[in-house]
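Residue-level structural notes
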Amino acid sequence: MARDRGEQNREWYATYKDDVKKEGKGFFPYAMLHDTIMGFVVVLVIIGLAIIWYWDADGVEPGVLGPLYTEPADPGTTDFVPRPDWYFYFLFYLLRIFEWPETVVIATVGIPTVLLILLLGLPFYDRSRERRPSRRPVAMIAAVLTVISMGVLTYKGATATEALGSELIVLVPEWAEEKGFADNDNAVEGARLFAVSGCLNCHIYLGSGVGALGAPDLSDVGDRYDQETLVRYLTNPAEFGNTVMGSYAYLGQENLNKLATFLDASTSDDG
Amino acid sequence: MAKRKTRRQQIVDLAVLAPLDWIDERTGAVRGTKWFLFRNVPRDVSWAQTLGFATLIAFLTQTLTGAILAMYYKPDPNSAYESIEHITNDLTLGWLVRGMHRWGASVFVILLFLHMGRVFLFGAYKYPRELQWITGVLLLATGMLMGFTGYLLPWDQTAYWATVVGINLNGTAPFAGPWLAQFLSSGPEIGGDTLAKWYALHMLLLPGAIFALIGVHLYLVTRLGVVSPPWSKEQAGRERPVAEPTGARAGLVRRGTEGGAK
């Protein structure tokens, strides 16, 4: 009875081929009929979605399936909440769970890579012949858990709301008082820029913001850098070894100066 | 009567069969088509096993609508948004083509997942279909990359900022991350070079990879066959009672690998 797995597999597969040949039905026309009907259903569903999308939306005004397009891309305005297509929501939400400093890599690279390797390797570590779901409890439980967690993450990602810049700007007087720069006009201006420029889509400042992509809390950033260095940092984060954050040079030198003044004033000993 | 029939037969021979033979002799295309169409599948396959074909149809819809969109779309930051507006609002049925492409992408991804779920439930990835499964997982990955690269093309706020985040995500990867982010954004800011690069990925490289993978995937499914539902009482390859036939039928049933499958 101690035949090797390969021989056993070949024997089982030979039985399968034999059965298909003797008892099977023709792919054409029987299976192909089902396929063709299904193909039509798919195309009709796609057309239906397109029609609903188009008739219910008007330009940038969203309908039940969203807008036809949003405003033109503008690197300058930043009270826009970045949002990927729905099938990346799970990844999008994972970023919230893992935070600064190094663990964010687990969400962006670690988990997707592990999932991909687990998927690719599936036929090589699950090698039993058993196909009945009732006899594959481990596989079924793993599958159900995967589906549930993907579903929950997708739902959380879909319903997550980030604060908009226009909402954050009301916090500026509070920040100014807490950090004691209320009489420094440049710093207040910088704080407003900070609120509307999307900084808090990644960073945290005095409890506001997202803390995504490993961006640090900037409440006391003035302890670490001086004004001049901050301008340089904002112009070219890569110079400081930061390859995640993009350059904010497009804000212009004057704005960068204000922003840096605000950040420089954000120290732990004010108050 | 018999003469007429012969003449008709001659015409069919000359106009249809001869050219087909000519092609088949040189390419094997007719034999290939027969091999694909006139094969048996287990008699208990049913609707659950149409998901793969449904995914293929969704992809072909994307190919067709994508090709039409490419005729009117301009991959340049100054005109991309306008060309999208033009396609949606001015072009005859442009809204339909763009809508089908936009929503077809979601349908395609959903079907990819459903198809994978069905294959998993049926245990259809097991011997001898391991490579079938691997090409399928690669198709899922390239399919999602299609969604990722296509999202930027309308060049609206959603597209732009989602891509900023997406590129930053790639940037967090160890070792390759900064290089990958640099490659994807083509410079310090997301602009014309980025758009052209993503357009090329979305239009040439990824669809080419998907077509190749689908080719292998379809070849393998034709060669290896589809499985019966695992709970089916009459599934192909089911365990037989060990008892050998007796009486007059003894010796008539061949078992094992040596010719039973012929």
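The rules behind these values
- Residues numbered from 1 in each chain as written.
- Chains lettered and ligands numbered in written order.
- Predicted model: local features only at pLDDT ≥ 70, side-chain atom pairs only at ≥ 80, totals over all residues.
- Heavy atoms only, no water.
- Helix = DSSP H or I, 4+ residues; strand = E, 2+ residues; numbered from the N terminus.
- Buried < 20%, exposed > 50% of the residue type's maximum accessible area, 1.4 Å probe, protein only.
- Contact = heavy atoms within 4.5 Å.
- Phe/Tyr/Trp six-rings, centres within 6.5 Å; stacked < 30°, edge-to-face > 60°.
- Lys NZ or Arg CZ within 6 Å of the ring centre and 35° of its normal.
- Expected span 1.5 Å × (residues − 1).
- Buried area = accessible area lost by both parts, 1.4 Å probe.
- Salt bridge = Lys/Arg side-chain N within 4 Å of Asp/Glu carboxyl O.
- Polar contact = N/O pair within 3.5 Å; in protein donor to acceptor, adjacent residues only side chain to side chain.
- Nonpolar A, V, L, I, M, F, W, Y, C, P; charged D, E, K, R; others polar.
- Pairing = 2+ DSSP bridges.

1. Section: the overall build of chain A
Of the regular secondary structure elements, chain A holds 10 helices and 3 strands. Seen in sequence order, chain A has helices and strands lined up from the N terminus as α-β-α-α-α-α-α-α-α-β-β-α-α. For chain A, the residues scored as buried account for 42% of the 271 residues in total. Partitioning the intrachain contacts of chain A with sequence separation of at least 6 by distance along the chain shows that 55% fall at a separation of at least 24.

2. Brief notes about the packing of aromatic side chains
One pass over the full model with this rule turns up 31 aromatic pairs over all chains. Ring centres of Trp175 of chain A and Tyr205 of chain A lie 4.8 Å apart, and the angle between their planes is 65°; this geometry places the pair in the edge-to-face category. Placement of Trp175 of chain A in helix α7 (residues 172–179) and of Tyr205 of chain A in strand β2 (residues 204–205) is noted, with a sequence separation of 30 residues between them. Of the two residues examined, Trp175 of chain A and Tyr205 of chain A, each falls in the buried class. Plain terms: the ring middles of Phe181 of chain A and Phe262 of chain A are 5.4 Å apart, the flat faces sit at 80° to each other, and that makes the pair edge-to-face. Placement of the pair is Phe181 of chain A in the loop between α7 and α8 (185–196) and Phe262 of chain A in helix α10 (residues 253–265), with a sequence separation of 81 residues. As far as the burial class goes, Phe181 of chain A and Phe262 of chain A line up, both buried. An aromatic cluster of three or more residues is present, and its members are Trp86, Tyr87 and Phe88 of chain A together with Phe148 and Trp198 of chain B. Its guanidinium or amino end placed over the ring of Trp103 of chain B, Arg102 of chain B lies 4.6 Å from that ring's centre, counting from NZ or CZ.

3. Some points on α10 of chain A
All names here are of chain A. The end-to-end C-alpha distance of α10, which contains 13 residues, comes to 18 Å, matching closely the 18 Å that a straight helix rising 1.5 Å per residue would cover. Of all the positions in α10, only Leu256, Lys258, Leu259, Ala260, Thr261, Phe262, Leu263 and Ala265 are classed as buried. Elements in contact with the buried residues of α10: α7, α8, β2 and α9 (227–235).

4. A look at the environment of Ala54 of chain B
With respect to the helices, strands and loops of the structure, Ala54 of chain B is situated in helix α3 (residues 51–72). The spatial distance from the C-alpha of Ala54 of chain B to the C-alpha of Leu112 of chain B is 9.2 Å, given a sequence separation of 58 residues. In this view, Ala54 of chain B contacts Met38 and Val42 of chain A together with Leu111 of chain B; residues no more than four positions away in its chain are not counted.

5. Focus on the interface of chain A and chain B
Across the boundary between the two partners, chain A contributes 86 residues, which contact 95 residues of chain B. Both sides together, the interface formed by chain A and chain B hides about 8,300 Å², and carbon and sulfur atoms give 68% of it. Summed over the shared surface of chain A and chain B, the result is 3 salt bridges. In this structure, the salt-bridge partner of Glu23 of chain A is Arg238 of chain B, at a minimum N-O distance of 3.0 Å. There are 32 residue pairs in polar contact (both at pLDDT 80 or more) connecting chain A and chain B. At the level of secondary structure, the elements contributing two or more residues to the side of chain A that touches chain B comprise α1 (5–23), β1 (25–26), α2 (27–56), α3 (89–97), α4 (104–125) and α5 (137–159) of chain A. Residues of the side of chain A that touches chain B, tallied by class, amount to 54 nonpolar, 13 polar and 19 charged. Two strands pair when backbone bridges link them, and β1 of chain A and strand β1 (residues 40–41) of chain B are joined in this way by 2 bridges, in the antiparallel orientation. Its bridge partner lying in β1 of chain B, Gly26 of chain A is registered against Asn40 of chain B.

6. What about the pattern of salt bridges?
Residues and elements named next belong to chain A. Scanning all chains against the criterion turns up 11 salt bridges over all chains. Lys22 is the partner of Asp18 in a salt bridge, and the nearest nitrogen-oxygen pair spans 3.0 Å. A residue pair is termed a helical-turn pair when its members lie 3 or 4 positions apart in one helix, as Asp18 and Lys22 do in helix α1 at 4 residues. A salt bridge links Arg132 to Glu130; the nearest nitrogen and oxygen atoms lie 2.8 Å apart. Given the relative accessible area of 21%, Glu130 is considered partly exposed. A single network of salt bridges, built from pairs that share partners, joins Glu189, Glu254 and Lys258.

These values are about where atoms sit, not about what they do.
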